[in-house]
Amino acid sequence: QVQLVESGGGLVQVGGSLRLSCAISGRILSNYVLTWFRQAPGKEREFVAGIKWTNTTHYADSVKGRFTVSRDSSWNTLYLQMNILESEDTAVYYCAARTSYLTSVPTTATTYNYWGRGTQVTVSL
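Please read all numbers here as calculations on a predicted model, not as lab measurements.

The term disulfide refers to a covalent linkage connecting the sulfur atoms of a pair of cysteines. Taken as a whole and judged by the stated rule, the model has one disulfide. Each sulfur in the disulfide pair Cys-22 and Cys-95 lies 2.2 Å from the other. Across the S-S bond of Cys-22 and Cys-95 the torsion is about -80 degrees, and the bridge reads as left-handed. With Cys-22 in strand 3 (residues 18–26) and Cys-95 in strand 9 (residues 91–99), this residue pair connects regions lying 73 residues apart in the sequence.

As structure tokens, this is what we get:
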């Protein structure tokens with residue numbers, strides 16, 4: 001069993017930065033993937049960024065070059081550094097985890113087993 005708790009959301013102006021954290025508890029094995037998704041009002045949950053045990057990362061095109069996903073060495077915390085924020089980045093951000101033997105990071109939300117409750121990010125003009 002894996003528990004995930006997000007923090008770090010808030011209100012920021014366009015062009016600003018935020019860093020989200022996801023506290024991880026439970027047993028993370030070598031084939032786990034940790035990922036950030038987001039969901040804006042009236043829209044489906046979408047993939048943002050993910051990292052595998054091998055440190056392979058993958059980003060959605062909409063955030064590439066602006067967001068960076070990372071984790072601490074003990075796999076206790078997952079991070080999402082968000083720079084040059086845009087109003088379109090406004091959403092609830094979720095941390096998710098699953099096992100995966102794929103070489104890439106899975107991007108479909110319904111395939112993830114474990115979820116946090118989310119943290120709100122609002123980017124104002």
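Taken in spatial order, the four strands line up as 1-3-8-7 in an open sheet, and their pairing is antiparallel. The open sheet has two free edges, formed respectively by strand 1 (2–7) and strand 7 (67–71), since each of these has just one partner strand. Direction aside, the axes of adjacent strands within the sheet are offset by 15 degrees on average. Both strand 7 and strand 8 (residues 77–82) contribute to a ladder of five bridges, which runs antiparallel. Bridged to Arg-71 within strand 8 is Leu-78.

Moving on: the pairing of strand 5 (residues 46–52). Buried residues dominate strand 5, accounting for six of its seven residues. Strand direction decides the pairing type here: strand 4 (residues 32–39) and strand 5, joined by six bridges, are antiparallel. In the strand pairing of strand 5, Arg-38 is matched with Glu-46. Following strand 4, the chain reverses through six residues before pairing antiparallel with strand 5; Gly-42 in that reversal takes a positive phi of roughly 80 degrees. Pairing analysis gives three bridges linking strand 5 to strand 6 (residues 57–59), with the strands arranged antiparallel. Counted as the bridge partner of Ala-49 is Tyr-59 from strand 6. Following strand 5, the chain reverses through four residues before pairing antiparallel with strand 6; Asn-55 in that reversal takes a positive phi of roughly 75 degrees.

All right, on to the packing of aromatic side chains then. Scanning the entire structure with this criterion turns up six aromatic pairs. The interplanar angle of 80 degrees and the centroid separation of 6.2 Å between the aromatic rings of Tyr-94 and Trp-115 together place this pair among those described as edge-to-face. Within this pair, whereas Tyr-94 is found in strand 9, its partner Trp-115 is found in strand 10 (residues 114–115), the two being separated by 21 residues in sequence. Classification of Tyr-94 by relative accessible area gives buried; the value is 13%. Ring centres of Tyr-112 and Trp-115 lie 6.3 Å apart, and the angle between their planes is 65 degrees; this geometry places the pair in the edge-to-face category. Residue Tyr-112 is classed as buried on the basis of its relative accessible area, which comes to 5%. A relative accessible area of 27% means that Trp-115 is categorised as partly exposed. Taken together, the ring pairs connect Phe-37, Phe-47, Tyr-94, Tyr-112 and Trp-115 into an aromatic cluster.

Rules used throughout
- Residues numbered from 1 in each chain as written.
- Predicted model: local features only at pLDDT ≥ 70, side-chain atom pairs only at ≥ 80, totals over all residues.
- Heavy atoms only, no water.
- Disulfide = S-S within 2.5 Å.
- Helix = DSSP H or I, 4+ residues; strand = E, 2+ residues; numbered from the N terminus.
- Pairing = 2+ DSSP bridges.
- Axes fitted to C-alpha atoms, helices over the stretch in contact; angles between N-to-C directions.
- Buried < 20%, exposed > 50% of the residue type's maximum accessible area, 1.4 Å probe, protein only.
- Phe/Tyr/Trp six-rings, centres within 6.5 Å; stacked < 30°, edge-to-face > 60°.

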